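# Geometric and topological summary
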Amino acid sequence: MLAFIFDIDGTLVDSNELHVDSWDRAFRRFGKQFPLEKLRAQIGKGSDQYLPEFLTPDEIDRFGKELDDYRSDLFKKKYLPKVRPFPKVRELFQRIRDEDKRIVLASSGKKADTKYYIDLLKIDKLIEGYTSGDDADNSKPAPDIFAASLKKLGGISSADAVTIGDTRFDIEAARKAGLKTIAFLCGGTSESVLREAGAVAIYRDPADLLAHYDELIKAFAPH
């Protein structure tokens, strides 16, 4: 294994419930209301894939962009300052870099949010770059974002990289890009759902992966 491609929301930062709340508020603003568990079940998708789960094509034409812009703005102002990193992210990244392995971030979120999280996590010097929803025609569960991440790693094949995410959409998108996925439980998805989606290993959170890092690398070593 030569490289790790990390999702951000729900994987490195505790933001999934804040996204649920901001979508709920945005939909209500436009006269739509959905059960929170339905909103929660689609978290992990970018807005291009999220909105069609709840709005008709006609509604998307009429107010989809306005709703998405409102939600983005609301998240940035009201919710982004509340996002906290999961423990030991920086230490995990440092450990990976100490072993000369490479790291790229791959988020379905907006570029500005991604940059904010990189500063929040203090990992700027430990990563080679990032891709966000703005770098792809389609967000997860389409493979575009992970395919773009592999390009950033220049010359590393999908067999030599692994993705780390917290939703079934991460696993699905990665699989379409030829990548295996290690899943975290800290984003709120159950172990059974992640296993069924095809996660090759499951850890509680970044701290748990750090604690079992040597075992993980052994498991991925060529036999």
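Below is a summary of the structure that appears in this document.

## Observations regarding the sheet that holds strand β8 (residues 201-203)
Here six strands make up an open sheet; going across it, the order is β5-β4-β1-β6-β7-β8 and the pairing parallel. Of all the strands in the sheet, the pair left with one neighbour each is β5 (129-131) and β8. Mean inter-strand twist for the sheet, computed between neighbouring axes without regard to direction, equals 25°. With four bridges joining them, strand β6 (residues 161-165) and strand β7 (residues 180-184) adopt parallel strand pairing. Its bridge partner lying in β7, Ile164 is registered against Ile182. Of the strands in this sheet, β6 and β7 touch helix α8 (residues 168-176), which is tilted by about 170° from β7.

## Things to note about the pairing of β6
In terms of residue burial, β6 counts as a mostly covered element, since five of its five residues are buried. Along β6, one buried face is formed by Ala161, Thr163 and Gly165 and the opposite face, lined by Val162 and Ile164, is buried too. In the sheet, strand β1 (residues 3-6) pairs with β6 via four bridges, with the strands oriented parallel. Its bridge partner lying in β6, Phe6 is registered against Ile164. For the crossover from β6 across α8 to β7, the handedness is right-handed.

## Looking at helix α5 (residues 89-98)
For α5, the set of buried residues is Val89, Leu92, Phe93 and Ile96. Buried residues of α5, seen end-on, are gathered within an arc of 95° and therefore sit on one face of the element. Packing partners of the buried residues in α5 comprise β1, β4 (102-106), α6 (111-121), α10 (206-211) and α11 (213-220). Residue Asp100 follows α5 closely and has a positive phi angle near 60°.

## Considerations on the packing of aromatic side chains
Overall, the coordinates contain 13 aromatic pairs when judged by the stated rule. For the pair Phe4 and Phe6, a centre-to-centre distance of 6.1 Å together with 25° between the ring planes defines the contact as stacked. Judged by relative accessible area, which is 0%, Phe4 ranks as buried. On the basis of relative accessible area, Phe6 is assigned to the buried category, the value being 0%. A centroid spacing of 6.3 Å and a plane angle of 70° characterise the contact between Phe30 and Tyr70, whose relative ring orientation is edge-to-face. Taken together, the positions of Phe30 in the loop between α1 (16-29) and α2 (36-41) and Tyr70 in helix α4 (residues 57-79) put the pair 40 residues apart, joining distant regions of the chain. What links up through ring pairs into an aromatic cluster is the set Trp23, Phe27, Phe34, Tyr50 and Phe54. Taking NZ or CZ as reference, Arg71 lies 4.5 Å from the ring centre of Trp23, over its face.

Procedures and definitions
Residues numbered from 1 in each chain as written. Predicted model: local features only at pLDDT ≥ 70, side-chain atom pairs only at ≥ 80, totals over all residues. Heavy atoms only, no water. Pairing = 2+ DSSP bridges. Helix = DSSP H or I, 4+ residues; strand = E, 2+ residues; numbered from the N terminus. Axes fitted to C-alpha atoms, helices over the stretch in contact; angles between N-to-C directions. Contact = heavy atoms within 4.5 Å. Buried < 20%, exposed > 50% of the residue type's maximum accessible area, 1.4 Å probe, protein only. Right-handed = clockwise from strand over helix to strand, strands pointing away. Arc of directions from axis to C-beta. Phe/Tyr/Trp six-rings, centres within 6.5 Å; stacked < 30°, edge-to-face > 60°. Lys NZ or Arg CZ within 6 Å of the ring centre and 35° of its normal.

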